[in-house]
Amino acid sequence: MAFIAENLYQYRQHHKGISQQSSKENAKYSFTKAIHETMKRRGIKIIDNKDVPDQFTNAEEIYQLLQYQTEPLFRIRNKIKFYVTSEILIVFLLRVP
């Protein structure tokens, strides 16, 4: 095994790329519009005791609606729920003949 002392991949940056600063707002808009459409399609009307808007108006409105997901208590509760569910599933699978 030998170490290759040269770059094998050159990361390209172009002004219209989604990861570039000028496209950041478009990416944010597209992401939140897709989230809103998903909520409407699934019939979700309330999230964290807040009404889901009938019409998509701007990205910030959706980000504010989903803000609770970034709080530490929510994240800890989700991790606990995942581990408990996983443990129950493992125990169930081990008991099934």
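Our subject is the structure that appears above.
Keep in mind the model is a prediction, meaning the values are calculated, not measured.

Novice: Would you explain unusual backbone geometry in this entry?
Specialist: Of all residues except glycine, most have a negative phi; of all peptide bonds, most are trans. You will see that Asp-48, though not glycine, has its phi angle at about 55°, which is positive. Asp-48 sits in the partly exposed class, given a relative accessible area of 40%.

Novice: Explanation requested: the nonpolar core in the structure shown.
Specialist: Across soluble globular proteins, you tend to see nonpolar side chains buried next to one another. In this structure, Met-39, Ile-47, Val-52, Phe-56, Ile-62, Leu-65, Leu-66, Tyr-68 and Phe-74 together form the largest nonpolar core, which totals 9 residues. Not counting residues up to four positions away in its chain, the partners in contact with Ile-62 are Thr-32, Ile-35, His-36, Met-39, Pro-53 and Phe-56.

Novice: Can you help me understand a nonpolar patch on the surface in this one?
Specialist: On the surface, a nonpolar cluster with roughly 380 Å² of combined accessible area is contributed by Ile-76, Ile-80, Val-84 and Ile-88. If you trace the backbone, Ile-80 turns up in helix 3 (residues 72–95).

Novice: It is not clear to me how the pattern of salt bridges should be interpreted in this structure. Could you clarify?
Specialist: Should their charged atoms come close, side chains of opposite charge can pair. The full count for this structure, using the stated rule, is 3 salt bridges. Here Glu-60 and Lys-28 are joined by a salt bridge, their closest N and O atoms 2.5 Å apart. Pair noted here: Glu-60 is in helix 2 (residues 59–65) and Lys-28 is in helix 1 (residues 24–41), with a separation of 32 residues, a long-range link. With relative accessibility at 24%, the residue Lys-28 sits in the partly exposed group. Here Lys-40 ties to Asp-54 by a salt bridge, and the two come within 3.5 Å at their closest N and O atoms. Within this pair, whereas Lys-40 is found in helix 1, its partner Asp-54 is found in the loop between strand 2 (50–51) and helix 2, the two being separated by 14 residues in sequence. Lys-40 gets classed as partly exposed once you look at its relative accessible area, which sits at 34%. Judged by its relative accessible area of 61%, Asp-54 falls in the exposed class.

Scoring rules and cut-offs
Residues numbered from 1 in each chain as written. Predicted model: local features only at pLDDT ≥ 70, side-chain atom pairs only at ≥ 80, totals over all residues. Heavy atoms only, no water. Buried < 20%, exposed > 50% of the residue type's maximum accessible area, 1.4 Å probe, protein only. Core = buried A, V, L, I, M, F, W, Y, C linked by side-chain atoms within 4.5 Å. Contact = heavy atoms within 4.5 Å. Patch = residues over 30% accessible without salt bridge, like charges linked within 9 Å, V, L, I, M, F, W, Y side chains within 5 Å. Areas by Shrake-Rupley, 256 points an atom, 1.4 Å probe, with all protein chains shown as cover. Salt bridge = Lys/Arg side-chain N within 4 Å of Asp/Glu carboxyl O. Helix = DSSP H or I, 4+ residues; strand = E, 2+ residues; numbered from the N terminus.

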